[in-house]
Amino acid sequence: MKEENSLWTKEFVILALSNFMLFVAFQMLIPTLPVYITDKGGDQLAVGLVVSLFTVSALLVRPFTGKALDTMGRRPVLLSGLAIFMLAVFGYYWMASVALVLALRFVHGIGWGIVTTTYGTIVSDIIPAERRGEGMGYFGMFTNLAMAVGPLIGLWVSQSWGYGWLFGVSGGLTALAMILSRMVEIKAPIGATQPTAGGNGGLFEKKALFPALLALLTGVMYGGIVSFITLFGKEVGIENVGLYFLFNAISLMLVRPLSGKLFDRKGPFWVLMPGGIITGVAVLTLSYSTTETGLIAAAILFGIGAGAVQPSLQAWTIQRVDPSRRGAATGTFFSAFDLGIGGGAMILGAIAKQTGFALMYRYSMLVMVLYLVIYIMYVIRQSKKASAPKAVSS
């Protein structure tokens, strides 16, 4: 019985390491690919397309990935996604024009959408149900570590050795992730039906829609920060904006396992409510920050709030659905989060043009107010359903 409840199994550790390698490979390109585009003669529009094309293709492929996971099985989908991702990374160096780089970026996003959806589904299969929040927290901690070290490695490699080595190392890490993933014994989740060609549901999972809605709203907040934090720093005179990402990553890594345990012991309310409040306070703190101290405080608060909410929403999503629909549920969840990031960046960017970035962040806090209102209404409705007397058949 103790073995069945174990979290740190060989499969979990290998899968976490494989996902870590993939995220390092991805994060290496975040600060370096825009520079690569400009070195090839690209303008600001081209740099913007680096982000948008990648996000759009990942968003489009996620629902189909979820469907494939539930009908074809986990391993073939994972390996195909990793292969697409790896070939795209290696291919960047050989693209002769900006247009070709952007076309390959769209393909790269397809690989990313496939692998991230698949990793999230497989890890939900192998984590014991009673420790799902804690397990998702630890799994996300590896991702946050990659977010902290990946950009630094990418900048160091590109500046010291050039773009050839940059794409070679990134692609090599993806190949290592593929090797590690083949060492994981992937079994059908307990309670799942056998995959069938006809499938057992649509592209989206209805039971995942409510957590996905909350994920969309948190994605709006995240999209506003990652897209405009540098420009906000220039607006208010904070030079070392990189401190935000450093302290945010540290805060995320520390809070995720703790919030996961709280989710498992007390339920989603005790994580999603305080996490949402702290996230709103974090963005408000950021909007009034004019020094590095204020920036760091906002980063720590956002790490606590988002680090509690995001993995708990994902764990709650998996908890609500049948094991045979975990792929579709994970695809639904990440599609909503991606849509929030992309849509949030566009909407908040338009607001910032009229108000400036500080005031834009204050307005964006209304998104978390909406998140809290919607969730409170849901809790009240569920409470009324639970307390309503059941009809007794005569």
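**Considerations on the environment of M136**
Item 1. As for its position among the elements, M136 is in helix α6 (residues 132-161).
Item 2. Considering only alpha carbons, one finds M136 and V123, 13 residues apart in sequence, at a separation of 7.9 Å.
Item 3. In contact with M136, other than residues within four places in its own chain, are G120, V123, S124, I127, P311, Q314, A315 and I318.

**Comments concerning the pattern of salt bridges**
Item 1. According to the stated counting rule, one finds six salt bridges in the structure shown.
Item 2. Here D70 makes a salt bridge to R74, at a shortest N to O gap of 3.4 Å. The pair formed by D70 and R74 is uniform in burial state, with each residue classed as buried.
Item 3. A salt bridge links E205 to R325; the nearest nitrogen and oxygen atoms lie 2.7 Å apart. Of this pair, E205 sits in the loop between α7 (163-182) and α8 (209-236) while R325 is found in the loop between α11 (292-320) and α12 (326-355), placing the two residues 120 residues apart along the sequence. Considered together, E205 and R325 belong to a single accessibility category, that of buried residues.
Item 4. Taken together, the shared-partner salt bridges in this structure form one network comprising D70, R74, D125 and R326.

**Thoughts on the packing of aromatic side chains**
Item 1. The tally for this structure, following the rule as stated, stands at 25 aromatic pairs.
Item 2. Ring geometry for F54 versus W112: centroids 6.2 Å apart, planes at 40°, classification tilted. One end of the pair, F54, is in helix α3 (residues 44-71); the other, W112, is in helix α5 (residues 98-126), and 58 residues separate them in sequence. As far as the burial class goes, F54 and W112 line up, both buried.

**Side note on the side chain of E205**
Item 1. Judged by relative accessible area, which is 9%, E205 ranks as buried.
Item 2. Of note is the side chain of E205, whose polar atom sits 2.7 Å from the side chain of R325.
Item 3. Once residues lying within four places of it in the same chain are set aside, the contact partners of E205 are V321, R325, A328, A329 and T332.

**Examining the nonpolar core**
Item 1. Membership of the largest hydrophobic core comes to 99 residues, with the highest contact counts inside it found for W112, Y119, I229, Y244, L286, W316 and Y361.
Item 2. If one sorts the elements of this core by residue count, helix α1 (residues 10-28) sits on top with 12 residues.
Item 3. Leaving out residues up to four positions away in the same chain, Y244 has contacts with I225, I229, L286, L295, A298, A299 and F302.
Item 4. Listed in part, the five residues of the second largest apolar core include V61, A68, L69 and V77.

**Some points on α12**
Item 1. Here α12 contains 30 residues, and its C-alpha end-to-end distance of 42 Å stays within 8% of the 44 Å for a straight helix at 1.5 Å per residue.
Item 2. Phi turns positive, to about 90°, at G356, one or two residues after α12.

**Structural notes on the environment of F139**
Item 1. Along the chain, F139 turns up in helix α6.
Item 2. For F139, a relative accessible area of 7% puts it in the buried group.
Item 3. Ignoring anything within four residues of it in the chain, the contact list for F139 reads F12, L15, A16, N19, Y119 and V123.

Calculation criteria
Residues numbered from 1 in each chain as written. Predicted model: local features only at pLDDT ≥ 70, side-chain atom pairs only at ≥ 80, totals over all residues. Heavy atoms only, no water. Helix = DSSP H or I, 4+ residues; strand = E, 2+ residues; numbered from the N terminus. Contact = heavy atoms within 4.5 Å. Salt bridge = Lys/Arg side-chain N within 4 Å of Asp/Glu carboxyl O. Buried < 20%, exposed > 50% of the residue type's maximum accessible area, 1.4 Å probe, protein only. Phe/Tyr/Trp six-rings, centres within 6.5 Å; stacked < 30°, edge-to-face > 60°. Polar contact = N/O pair within 3.5 Å; in protein donor to acceptor, adjacent residues only side chain to side chain. Core = buried A, V, L, I, M, F, W, Y, C linked by side-chain atoms within 4.5 Å. Expected span 1.5 Å × (residues − 1).

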